[in-house]
Each structure stands twice: as structure tokens, then as C-alpha cells.
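Examination of the molecular architecture
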Amino acid sequence: MKEIAIVAFSQSDCLARAGAANEVELIMPQLRAVFDQVGLNNAQDVDFVCSGSCDYLQGAAFAFVAGVDALGAVPPIKESHVEMDAAWALYESILKIRMGQAESALIYGFAKASSGELPIVLSQQLDPYYLAPLWVDNVSLAAMQARQLLERGLASERAMAEVVVRARRHALANPHAQLSGDVSVEELLAAETFVAPLRESDCAPVADGAAAMIICTVEKARAWGVPYARITGIDHRIETHNLGMRDLTDSVSTRQAAEAAGMKRGPVQVAELYAPFSHQEIILCRALGLGDETVINPSGGVMAGNLMMASGLARMGEVFRRIASGEIGRGIAHATSGPCLQHNLVAVLESA
Amino acid sequence: MAQPDVLSQPFELGFTYTRSTGPVVGRFLTGLRDRRIFGIRASDGRVIVPPMEYDPNTAAALDEFVEVGQQGTIRSWCWVKRPRAAHPLQQPFAWAMIQLDGADVPMIHCVAAAAEEELATGARVQVKWADEPRGFITDIRCFELVDRKTTAEGATNPAAPANDDSPVTRIDAPVYLHYNFTAGRAPARFLARIKEGVLSGQRCPRCANVYIPPRGSCPACGVATEEEVVLPDKATVQSFTIVAIPIPNNPIKPPFVIANLVLDGANISFIHLLSECENSEVHIGQRVQAVWKPQAEWGYAMDNIRYFRPIDEPDVPVAMIGKLPVTGWEG
């Protein structure tokens, strides 16, 4: 089976509102950046292109087709799209390469979620008979998950605040962060609740923007002569849509994906976890069995800025950057989708 | 040229969904219409409310319905201090996971309560029915905390009027979402110029094609477009269609002509109306010119041009369409 390498990654600044920038204008600078990292001209120079986005977020039908205007798709290219975070576009691209139909792929994700009322838009991804007509928003669902965690003694409001404190401190070194700084647990806990038991600080700040990545076979990466990280394992699992039937205090699908991806075959120096709510990082760390030997979210994670439809891909990118620079030798990246960590993807990245 | 930083406009996106229910969801919704609640027995014997069509663990099709109680116990909850406009209750309220008596799996619905302090995991709640149930999840208007002193099970809920005994097989579930659409940099520049009566495209730095309206990139080359190119308001018909059927919510009465038009100096067409013409005489290669609204009515919009009308210039050969200079067509 062909070994796969990440050779380039770029993401935009996390902006609460991108203002006067359309899809193409959000995507193009990130594509240019990854093409330049490898020395490519445009999408004609890779074998496959796959993007991740969700038209509901900006309320523009076929916004993902507008995104293709950024590629240089004349003559026609091999192109695909997932209505999900671009981490799943990465997954599709890996399959494409492993099937022998491509040696390289461009992946990008983007969103302009500020156009709509995101929690209400996301309510429409729920069961269309029983939940969507009630407009149950994703923050409220996460808050009910957090309460279960708190009342079973599996987390405390202090531990949740500590997640935020560490994330914002890490984000000081992240030039794309929307939220960073030195803040104390006491300061965070002094704030009133938002959707109790969650405080606003427990919820990742939602950002407009884009991220892009180039992957290829290890042979191609050597031929291009650029630093790379190998993706030695990747898997994703999904749980039932019926929230009442899930144990919301655990993440079975994350654990299964990590096992299948081979996380435990070596040390995990860094874990970039897509946890849009502070308590979900606690759930993920426990599900994965991560301890003190692992640095969690050195970028600040999505608490530094949650680029909708690109944050999962950005988790992969953050681990890639640290491996390609020689800072670490092995780490994992996680992406999530759906309410209360319903659907989870784990990738294992290792040095050349 | 003064240009606003951001051009934005609110809009409502509507999906007028109707959904067929199938036998399982339909049975549940029929129950709600009759103010009764049915769950379904899973492969392991647990009762799931609302009922699922397939067992999430074994994938077995489920069909054993079980009526459950109209009171239940809160298994988790959150408190919404500031309800959103779309939420079913507009006073502060709780969302809760409620395990109805006789059910083994909690369902999600809202709970009306005067204050957050009244809520607790383990608290008992009961259904408050909508005044006029119709076979929809909102027939349960909300849950309310059980008043232990006065309320016996079901006592607050008179039976629904039995004016309809046909099963629910379909629901109307329209979705309306509200957005504030923001124009990109290139479209905003175009719109600011057309407000002044100027048609302004952008040229690709690589292939030199001129796009109007511009989107900020050359789709063929995948590079950003920056150079502004002012174009005249004369164009050539690249293709057209005559619309003979009325289109819902379109104020224009058929028959009318919609055409792909290429402005002189541009290489890519846009769509606009053709009028002041014999529809039967419209043809590819025909020369046309913009008919503008009065200047006082100009806004950030393409409909500053009411339509294009034929002009007395020789036809453009098909091979030349989209290749004319800014100076126009000499014939």
C-alpha cells in the first residue's frame, strides 16, 4: 500500500467576520501558499482535488462550486467535495491515492459561517422529524452533555476552565488565533453562564476562513524535495444520531478510530484535538487515554478559533508543521462532526 | 470613488419541505395528534421514545410499539437564558433529556420553568400539549415540572378531540433561515461602480480574459484578478431563450427573452433581459445596448440596467463573439 505524506499546509487568520471576502477570496491565498510551499503552479499540477464545506453555513446554494473558481480548472481537473469538514476531504484523497488513481492531491476547506446564526443553522443537521423542527441548537446539546459529565464527577467547572486557560496560553504563539492570552481560571469562573452549565469561554469562538493542504505519495514528496510528515494511520467512526442512546460522557467512536489508526503503536508527543467545547477536550483525552507525556493542542486548538469546515484539516496541519520542522517525531490529529462529538476521525502522523 | 468597506444585505432562505413519515414515525406522530405517546421496543428489550425505525445496535427493523407515560424524569438539561428567535419558547427555558415513564431512552424537548433554580436532574416533568395537535413534534408544546400536590398523571391534559382518525403519513416541515449576505471585494467594487452607472470588469493577469461581473478570480487560471477594466454598455447576444411559462414570484410576465450577453471588451457572458424587440427576431450575434433606469434610481444592483434592446449594427459572426475590443464592433 502506498505511503502518504503531507507536504504543505496553510490556514487563514481566524476572523469572527471575514467581511468583504467571498468564498474564492477566502480560499485563494491559502491555495497560493500551499502551491508555493511545494513549487507548484496551480491545481493542474496535482492529480486530485477535494474540498470540504457546507452551503447551509453561508446560505448560498452551491457555494462549494464557486470555490472551484479558485483552482484554475481549465482544462478540467479531477475534483470532488464533501459536505463536511475538510478532514474528511483528506480522508477521501488518501483513498484516491491508495487506490492508485492519484499520486498527489490538494485539499481545502472553507466557511463564512458569520453570514448566518450558526447554532440555529446547525440544528437543521439533526433528525428532521423529532429534533430539527424544535430548533435545538448545538450549544444547548453540548451543554446537556457537559452537565452529564459534571454530575457524574467526570469533570469539574474548574477543569473545564483549565482547558480554556491552557488553550489561550498556547494560542499566544499561534499567529492565526482569534482568541489568545493569559487568563486565570478564577476570572473565567467569575463570568456568568451562557447556556448553563456552559460559559461563553467554554465555547470555541467561531471563525470565517479557509485552510489548504497538499498530500502525495512518499516517493513524490522525495522527488519534490520538500520536508514532509507521513500519515501512518487514519480512521473515522460515527455513532447513532439518537443522542439519548449514546453515552455522551464517553467518545467510543474516537477510541475506535484511534485504535484502528494505530495510535498506540508509538508515543504520542502531540495531540491536536477538535473540541469545540471545553468539556469535550476532557472527554476526548479520556477516550484516547492521553496522559502527561502528550502536549494537548499546542496551537491552542479550536479554542483559539474554530474555522468551520476547516478546523479538522487544520488539526492535521498543526501536527504536520511540528513534524516537518523537526520539533516532534510523532503525533495525532483529530476531527469531529455532528452534535456532541457524534462522528470522529483520528490520524497518526510520523516523521520521515 | 467612494466605496463602502462592506456591502451586505439580509435575506431569508426557505426550504418548503414536506416529508413522508413512513410507518414508524407516522405512528408516533399520529399518537401525538391523539395526545398519546408511543415508543418502540429495541432488540434488547429497551423502549425507545421517540421510536426509531431500526435498532442502532443490531440494525434490525423495529415494529413493536409500546405506549409510554406522559410524565418523566429529567436525565440532563441546560438553561437557555436568552432564547433565540427560532426556539419554541421565548421566555428563558430549559432543554432537557427526558426519560418518560415506561421508556428506557431519554428524548429531547423543552421544559418551561420560571427559573433555572427550579430545574434539576432527576426532577419530574409532564407533557403540556399544544391546543390544536396536528401530528407534529410540537404537538408536545413543552414539558412542565410536575406539581406534586395537585397533579395526577395525565390529569392536566384532556383528550384531544377525535375529529380525525386517519394516520399521519406526511408532515409539512418548512425551514426558514436568516442570513446577512456580504459581497466579496471584487463584487463590492463592481456594485459600487454600477451604482455610478459604470460597468467595470476585471482582467486576468495571466490569460488576459476580462470578466464582468467579476468574482475576484480567473476560474480558468486560478489566479486573483485585480486590474479594473471599464466597459461600454453595448453587447452581443451569445445565446438566448424565450420564457413562455410564468415563474413563481417573478414580476415579469411571459413571454420574455433572457439572453447570455457579452459586453464589448469582455470575454465571458452574463445573463440579462432583452426587450423592445420582436421575440421571434432575436438571434445569436445580434447587437444590443443597455437601457438604464433613471439615474436617481441607481443602486448597488445589476438591475440599474432595466434590460438590453437591439441596436442597428451588423451582426457579429459566432467566432467573434466574446472577442470584441472595448471600442466595439465595426462590422
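Computed from a predicted model, the values in this text were never measured in an experiment.

Now for the packing of helix α6 (residues 138-151) of chain A against helix α11 (residues 278-288) of chain A. All names here are of chain A. The interhelical angle for the contact between α6 and α11, taken along N-to-C directions, is 60°, at an axis separation of 10 Å. Relative to α11, the element α6 is oriented oblique. Crossing handedness for the pair α6 and α11: left-handed. Contact residues: A142, Q145, A146 and L149 in α6; H279, Q280, I283 and R286 in α11. Of the residues assigned to the contact of α6 with α11, the class counts are four nonpolar, three polar and one charged.

This part covers the sheet that holds strand β5 (residues 65-68) of chain B. Whether parallel or antiparallel, the strands of a sheet pair through hydrogen bonds between backbone atoms. Residues and elements named next belong to chain B. With antiparallel pairing, three strands are arranged side by side in an open sheet as β4-β3-β5. With one partner strand each, in any of the chains shown, β4 (47-48) and β5 form the two edges of the open sheet. Here strand β3 (residues 37-41) pairs with β5 via four bridges, running antiparallel. Residue pairing across strands places I37 opposite V68, the latter belonging to β5.

Trans peptide bonds make up the majority, and among non-glycine residues the majority have a negative phi. Residues and elements named next belong to chain B. Across the junction of I212 and P213, the peptide omega takes the value -5°, indicating a cis bond. When you line up the elements, P213 lands in the loop between β14 (210-211) and β15 (217-218). With an omega dihedral of 0°, the bond running from P254 to P255 counts as a cis peptide bond. Inspection of the secondary structure assignment puts P255 in the loop between β18 (234-243) and β19 (256-263). Unusually for a residue other than glycine, A208 sits at a positive phi of about 70°. Among the secondary structure elements, A208 is positioned in the loop between β13 (199-203) and β14. One non-glycine residue, N249, lies in positive phi territory at about 70°. Turning to its location among the elements, N249 is positioned in the loop between β18 and β19. For N249, a relative accessible area of 81% gives the class exposed.

The next subject is the pattern of salt bridges. In total, this model carries 34 salt bridges over all chains according to the counting rule given. The salt bridge partner of B:R84 is A:E117, with a shortest N-O separation of 2.9 Å. With one member in each of two chains, B:R84 in the loop between β6 (71-80) and β7 (93-100) and A:E117 in the loop between β4 (104-111) and α5 (118-123) form a pair that bridges those chains. Residue A:E281 pairs with A:R166 through a salt bridge whose shortest N-O separation is 2.4 Å. A residue pair is termed long-range when its members are at least 10 positions apart, and A:E281 in helix α11 and A:R166 in helix α7 (residues 157-171) qualify at 115 residues. Given a relative accessible area of 3%, A:E281 falls into the buried group. Overall, the relative accessible area of 26% leaves A:R166 in the partly exposed class. Beyond isolated ion pairs, a larger network of salt bridges with shared partners links A:E3, A:R230, A:R330 and A:E350.

Conventions and cut-offs
Residues numbered from 1 in each chain as written. Chains lettered and ligands numbered in written order. Predicted model: local features only at pLDDT ≥ 70, side-chain atom pairs only at ≥ 80, totals over all residues. Heavy atoms only, no water. Axes fitted to C-alpha atoms, helices over the stretch in contact; angles between N-to-C directions. Helix = DSSP H or I, 4+ residues; strand = E, 2+ residues; numbered from the N terminus. Parallel < 35°, antiparallel > 145°, perpendicular 65-115°, else oblique. Left-handed = near helix turned anticlockwise from the far one by under 90°. Contact = heavy atoms within 4.5 Å. Nonpolar A, V, L, I, M, F, W, Y, C, P; charged D, E, K, R; others polar. Pairing = 2+ DSSP bridges. Buried < 20%, exposed > 50% of the residue type's maximum accessible area, 1.4 Å probe, protein only. Salt bridge = Lys/Arg side-chain N within 4 Å of Asp/Glu carboxyl O.

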